[in-house]
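# Structural overview for review
The chain contents come next:
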Amino acid sequence: MANKLINQMGLTKSIANIFTARNVITAKDALSHTEFELMQLLDVGMSEVTSAMAHISEVVCPPCQTALLLMEQRVRNESLAGHLPTGLKGLDEALCGGIPFGVLTELVGPAGIGKTQFCLKLSLLASLPANCGGLDGRVIYIDVESKFSSRRLIEIGIKSFPEIFHRKGMAQEMAGRILVLHPTSLSEFAESLYQIKVSLLQQQVKLLIIDSMAALVLGEYDCGASRQQALGWHVSFIKSLAEFSRIPIVLTNQVRSQIGDESLMYSFQAQGRCIKEDNPATYDSRLVAALGINWAHAVTIRLVLESKSGQRFIKLAKSPVSPPLAFPFNITSSGMVLLDDDGIEMKGSEINTIHCQGQNPLFNFEGV
């Protein structure tokens, strides 16, 4: 809540503009000053500052609520928001319907494990007509690493929904609903986000995919505060997009090797990457998600894709509605397919540890 943008807190437009003009952007920026300091910085009267600070404090620190009231609000919000079903029965049941609207869902895993395959399938599901179980909308797909494959997208559609894609012109119509962007830097990415916020409602966008967020940040910044500062702003903006639009936002993340005494730290905290020199086909490398602890706290759902003993698993590692579960899966011509809908409950460090043992892609699909 400290990173919540001031211009989205319901302040009058005039005072919100003054905050922005003085580079006081978030609640944290405002609350880091005394009222007297803000009066001097903003060049406004004490009464205006006091009123604005009281409102910001109320938004950031809402009053206490009973568990019953919170439960009723959750049920009401879920009925209004909804979910995007993934088509994976066990995972959808664990998530109470699928990928939730209005929050960030993260896919973590090593290269080639199936993250982009999963995103392509979600893109199709969001663009399908409502009477076919889709959201009947457009999709914005931010393809940072140029892994998006139109050919693979159509193949998944034909294999998964033959009754739809064999209709004349339907493949072209579905593909035409997916807008693909290729930002090459964080500045281009930020510009894309501003454009997206304008078009979300105008273009009937029902899903936003960012593949991959880690490639943008890790490729542009060295380890340190500069990376976390840049990432913090983008995370706050993306979260505000999710809350504003009430659509599902799915982001992919990379992995790095765990080194030294990092087991004593948060298992998902990342400040750099190292490369193991062993043969990856003969050992079980222990990996963790990149981008750090602030990022990990920002996402509501974390799905971890891994390969262990030659079998791929998708793990529901973080969710407010489900215990940690692991589902074995394969990648087929129709996309990801679960081998067991029941799931295996995980405990201890296995929740966040990511394995990459003897991984051999089952299919050599373009854009995996």
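Residues numbered from 1 in each chain as written. Predicted model: local features only at pLDDT ≥ 70, side-chain atom pairs only at ≥ 80, totals over all residues. Heavy atoms only, no water.

All right, on to the overall build of the chain then. Looking only at helices and strands, one finds 14 helices and 15 strands in the chain. Split into buried and exposed, the 368 residues of the chain put 50% on the buried side. Across the chain, contacts joining residues at least 24 apart in sequence account for 68% of those joining residues at least 6 apart. Element-wise, carbon and sulfur atoms account for 53% of the exposed surface of the chain, whose accessible area totals about 17,600 Å². (Helix = DSSP H or I, 4+ residues; strand = E, 2+ residues; numbered from the N terminus. Buried < 20%, exposed > 50% of the residue type's maximum accessible area, 1.4 Å probe, protein only. Contact = heavy atoms within 4.5 Å. Areas by Shrake-Rupley, 256 points an atom, 1.4 Å probe, with all protein chains shown as cover.)

Taking 1.5 Å per residue as the helical rise, helix α4 (residues 46-60) with its 15 residues ought to reach 21 Å, and the 21 Å between its terminal C-alpha atoms agrees with that figure. Within α4, the full set of buried residues consists of V49, A52, M53, I56 and V60. The arc enclosing the buried residues of α4, seen along the axis, measures out at 100°, which places them on a common side. Within α4, the exposed residues directed more than 90 degrees away from the buried face are S47 and E58. (Expected span 1.5 Å × (residues − 1). Arc of directions from axis to C-beta.)

What follows concerns the environment of R138. Looking at where R138 falls in the secondary structure, it is placed in strand β4 (residues 138-143). Relative accessible area serves as the criterion here: at 37%, R138 is assigned to the partly exposed category. Separated by 14 residues in the primary sequence, R138 and L124 place their C-alpha atoms 9.6 Å from one another. Among residues more than four places away in sequence, those in contact with R138 are G176, R177, Q203, Q204, V205, K206 and L207.

To continue, consider the side chain of S127. Here S127 is to be found in helix α7 (residues 115-127). The residues touching S127, leaving out its near neighbours within four places in the chain, are D136, G137, V139, M174 and R177.

As a further point, take the packing of helix α3 (residues 35-42) against α4. Between α3 and α4, whose axes approach to 9 Å, the crossing angle comes to 115°. For the crossing formed where α3 meets α4, the hand is right-handed. Side by side, α3 and α4 meet where E35, F36, L38 and M39 of the first sit next to M46, V49, T50 and M53 of the second. For the contact of α3 with α4, the class distribution of residues is six nonpolar, one polar and one charged. (Axes fitted to C-alpha atoms, helices over the stretch in contact; angles between N-to-C directions. Left-handed = near helix turned anticlockwise from the far one by under 90°. Nonpolar A, V, L, I, M, F, W, Y, C, P; charged D, E, K, R; others polar.)

The subject of this paragraph is the packing of aromatic side chains. Following the criterion strictly, the structure yields two aromatic pairs and no others. Each ring, one from Y141 and one from F148, has its centre 4.9 Å from the other, and the planes form 70°; the classification is edge-to-face. Each of the two residues, Y141 as well as F148, counts as buried. Sitting over the ring of F244, K197 keeps its end group 5.5 Å from the ring centre. (Phe/Tyr/Trp six-rings, centres within 6.5 Å; stacked < 30°, edge-to-face > 60°. Lys NZ or Arg CZ within 6 Å of the ring centre and 35° of its normal.)

Looking now at the pairing of β4. For a regular strand, the rule is simple: side chains alternate between the two faces of the sheet. Burial of β4 is extensive: five of the six residues sit out of reach of the surface. Sheet topology places β4 next to strand β5 (residues 178-181); four bridges connect them, and they run parallel. Bridging from a neighbouring strand, V139 pairs with I178 of β5. (Pairing = 2+ DSSP bridges.)

Here the focus is the confidence of the model for the chain. Residue-level pLDDT values for the chain average 82, and 84% of them are 70 or greater. Across residues 261-285, where pLDDT falls below 50, the model places 47 contacts with residues more than four positions away in sequence or in other chains. When the criterion is pLDDT under 50, residues 360-368 qualifies, and its contacts beyond four places in sequence or with other chains add up to 25 contacts. (pLDDT = per-residue confidence, 0-100.)

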